[in-house]
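# Descriptive analysis of the structure
Spelled out, the chains give:
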Protein chains: 2
Amino acid sequence: MSQTDTVSRILDAAEVLFAERGFTETSLRTITTTAGVNLAAVNYHFGSKKELIQAVFERFLTPFTGALAAELDRRVAAGEPLTVEGLLESLYRVGMGSLAEQGRDPQRFMRLLGLAYTQYQGHLRRFIVSRYGDSYRRFAGLLAQALPGLDPVTFYWRLYFMLGATIFTLSSYDAIEAILREDFGAQSSLPETLERLVPAAAAMLKVDSQ
Amino acid sequence: MSQTDTVSRILDAAEVLFAERGFTETSLRTITTTAGVNLAAVNYHFGSKKELIQAVFERFLTPFTGALAAELDRRVAAGEPLTVEGLLESLYRVGMGSLAEQGRDPQRFMRLLGLAYTQYQGHLRRFIVSRYGDSYRRFAGLLAQALPGLDPVTFYWRLYFMLGATIFTLSSYDAIEAILREDFGAQSSLPETLERLVPAAAAMLKVDSQ
DNA sequence: GGCCATACTAAACAACCGTTTTAAATGTTG
DNA sequence: CAACATTTAAAACGGTTGTTTAGTATGGCC
């Protein structure tokens with residue numbers, strides 16, 4: 001078993017288990033046994049549990065923000081007008097695509113993003129902000145440009161409303177979908193849900209202040 | 001020290017600490033020492049940590065859903081037309097009021113609600129659904145009536161979008177407010193934020209499907 | 001005062017946690 | 001093949017967790 005094998009087996013198991021139960025609720029022993037590696041391997045390869053958590057986020061946020069930057073570059077270079085709906089579509093499409101092509105589950109990362117906000121892990125928030133703050137600010141800036149005349153404070157509150165609706169809904173996607181399927185017999189796919197989310201989120205961002 | 005004293009001191013401490021750090025990250029020893037009671041008191045009065053968590057939720061959800069029911073009754077009895085904005089205002093006003101009058105912090109309960117969704121505590125979700133599911137369904141039903149012609153599946157997805165925006169934003173209210181205050185020097189109160197949230201959430205619910 | 005149920009306390013319990021240590025195995029390079 | 005650095009392995013470390021036990025105090029009632 002080569003090093004990269006052990007490392008990625010740990011990351012794979014940690015990713016799934018963290019998304020399922022959270023960080024504190026997942027022990028290194030659970031991770032290493034489901035990964036089929038020795039307990040001490042985590043501390044050997046990652047140093048500590050904190051650094052393992054950060055590595056899990058790094059592995060999906062780096063390709064994601066990279067793909068988003070490329071997509072935004074492409075649109076800007078092509079001179080396409082950047083509308084609110086267009087930007088949201090880019091965000092969601094890249095989020096789905098950059099993960100799906102690795103055969104990984106988009107909902108899982110939404111759950112992880114939700115945990116990063118909710119859980120009591122100061123180091124994680126600091127890590128994400130310092131590492132990916134620029135990507136966030138660029139997207140937010142373009143979105144603000146697509147909403148001229150909106151005062152900045154209102155814009156940022158609505159940006160958080162939008163993030164909340166997105167992260168919260170998609171991180172519970174499987175549970176919500178199961179409820180709706182049971183109550184209405186109508187099953188909906190993740191792309192369909194995103195097609196519902198784009199106009200709804202756009203309407204929230206664009207509504208005239210009372 | 002009377003029984004109710006010890007019980008409510010434990011609940012007070014647990015409420016604050018749970019909201020701050022989550023359930024697993026808060027030990028019974030931390031709770032009991034900040035409450036100034038003996039460690040064994042939790043198991044004596046509540047049975048287990050799980051039941052303490054449920055008791056914390058019961059103490060604020062029961063008055064909240066009660067006040068919401070009364071408010072909805074009042075509006076229905078008065079023959080007031082129930083608009084989307086009106087229902088959201090009722091929801092938020094009751095949420096603020098029923099807690100503020102007890103001198104408790106509304107954001108704290110939003111954080112707890114957010115945790116109930118995010119954290120890996122199956123018993124909690126089951127407890128809340130079985131205990132307060134009726135209140136939820138009544139509010140959702142009235143909101144659906146205020147949105148005639150909207151197909152049910154789309155309505156429910158948007159309801160979750162709205163819940164996500166609300167819970168997510170308000171549970172991180174203090175952090176978001178601090179960021180905006182630093183970047184724009186404009187400080188906003190919780191009522192002001194809810195005034196921004198009502199039209200934004202209403203617009204999301206009401207937007208014509210593409 | 002004597003009795004009894006309720007409430008509290010101190011101490012110990014077994015189980016689990018993240019991490020470290022020490023040693024064995026493996027792979028790489030001269 | 002020998003020497004070396006890297007990786008894996010088993011075992012133990014000290015510390016913390018939720019819970020239980022056994023004993024003490026407290027307050028009301030006959």
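Residues numbered from 1 in each chain as written. Chains lettered and ligands numbered in written order. Predicted model: local features only at pLDDT ≥ 70, side-chain atom pairs only at ≥ 80, totals over all residues. Heavy atoms only, no water.

Where an unreviewed UniProt entry is consulted, chain A appears under the name Transcriptional regulator, TetR family, with the organism given as Microbulbifer marinus.

### Describing the pattern of salt bridges
This model, assessed by the stated rule, comprises 30 salt bridges over all chains. Between Arg-74 of chain A and Glu-71 of chain A there is a salt bridge; the shortest N-O distance is 3.5 Å. Placement of both Arg-74 of chain A and Glu-71 of chain A in helix H4 (residues 49–77) is noted, with a separation of three residues, approximately one turn of the helix. Given a relative accessible area of 43%, Arg-74 of chain A falls into the partly exposed group. With a shortest N-O distance of 3.7 Å, Arg-93 of chain B and Glu-71 of chain B are connected by a salt bridge. Placement of Arg-93 of chain B in helix H5 (residues 84–100) and of Glu-71 of chain B in helix H4 (residues 49–77) is noted, with a sequence separation of 22 residues between them. In this structure Arg-93 of chain B comes out as partly exposed when scored by relative accessible area, which is 43%. (Salt bridge = Lys/Arg side-chain N within 4 Å of Asp/Glu carboxyl O. Helix = DSSP H or I, 4+ residues; strand = E, 2+ residues; numbered from the N terminus. Buried < 20%, exposed > 50% of the residue type's maximum accessible area, 1.4 Å probe, protein only.)

### As for the domain arrangement of chain A
Residues and elements named next belong to chain A. Along its sequence, chain A is carved into domain 1 (1–47) and domain 2 (49–206). The gap between the C-alpha centroids of domain 1 and domain 2 is 26 Å. Taken together, the 21 residues of domain 1 in the interface contact 17 residues of domain 2. Roughly 1600 Å² of surface becomes buried between domain 1 and domain 2 when both sides are summed, with 65% attributable to carbon and sulfur atoms. It is Glu-15, Ala-19 and Phe-23 in domain 1 that bury the most area against domain 2; as a group they hold 44% of the surface buried on that side. Taken together, the connections running from domain 1 to domain 2 amount to four salt bridges. Between Arg-108 and Glu-15 there is a salt bridge, with the nearest N and O atoms lying 2.6 Å from each other. Connecting domain 1 to domain 2 are seven residue pairs in polar contact (both at pLDDT 80 or more). For the side of domain 1 that touches domain 2, the secondary structure elements donating two or more residues are helix H1 (3–21), helix H2 (28–35) and helix H3 (40–46). (Domains from an automatic or database assignment. Contact = heavy atoms within 4.5 Å. Buried area = accessible area lost by both parts, 1.4 Å probe. Polar contact = N/O pair within 3.5 Å; in protein donor to acceptor, adjacent residues only side chain to side chain.)

### Some remarks on empty space enclosed by the protein
Empty pockets left among the atoms are what a rolling probe the size of a water molecule brings to light. Evaluation of the coordinates by the stated rule reveals one cavity of 30 Å³ or more. Looking at the largest cavity, its volume works out to about 160 Å³. If you go around the largest cavity, you meet 16 residues; those closest to its centre are Gly-114, Thr-118 and Phe-168 of chain A together with Thr-118 and Phe-168 of chain B. Tallied by class, residues from the lining of the largest cavity come to seven nonpolar, eight polar and one charged. (1 Å grid on protein atoms, 1.4 Å probe; cavity = no way out; pocket = protein on both sides within 12 Å on 5 of 7 lines; lining within 4 Å. Points joined across faces, edges and corners; volume = space filled by probe spheres on them. Nonpolar A, V, L, I, M, F, W, Y, C, P; charged D, E, K, R; others polar.)

### A look at the relation of the copies chain B and chain A
Under the fitted operation, chain B is carried onto chain A by 0.0 Å of movement along the axis and a turn of 180 degrees, and the coordinates agree to an RMSD of 0.1 Å. The relationship between the two copies is best expressed as a two-fold rotation axis. Rotation axis and chain B: the residue whose C-alpha lies nearest the axis is Ala-165 of chain B, separated from it by 2.2 Å. Interface overlap between copies: 100% of the residues of chain B at the interface are likewise at the interface in chain A, consistent with a symmetric, same-surface contact. (Least-squares fit on C-alpha atoms with pLDDT ≥ 70 in both.)

### Quick word on the packing of helix H7 (residues 122–145) of chain A against helix H8 (residues 152–171) of chain A
All names here are of chain A. The N-to-C vectors of H7 and H8 enclose an angle of 115 degrees; their axes lie 11 Å apart at closest approach. Between H7 and H8 lies a crossing whose hand is right-handed. On the side of H7, the interface is formed by Tyr-136, Ala-140, Leu-143 and Ala-144, while H8 contributes Phe-155, Tyr-156, Leu-159, Tyr-160, Met-162 and Leu-163. (Axes fitted to C-alpha atoms, helices over the stretch in contact; angles between N-to-C directions. Left-handed = near helix turned anticlockwise from the far one by under 90°.)

### Some details on the side chain of Thr-65 of chain A
Residues and elements named next belong to chain A. On the secondary structure map, Thr-65 appears in helix H4. Among the polar contacts made by the side chain of Thr-65, one reaches the main-chain carbonyl oxygen of Thr-62 at a distance of 3.2 Å. Leave out the neighbours within four places in its chain, and Thr-65 touches Tyr-132 and Ser-135.

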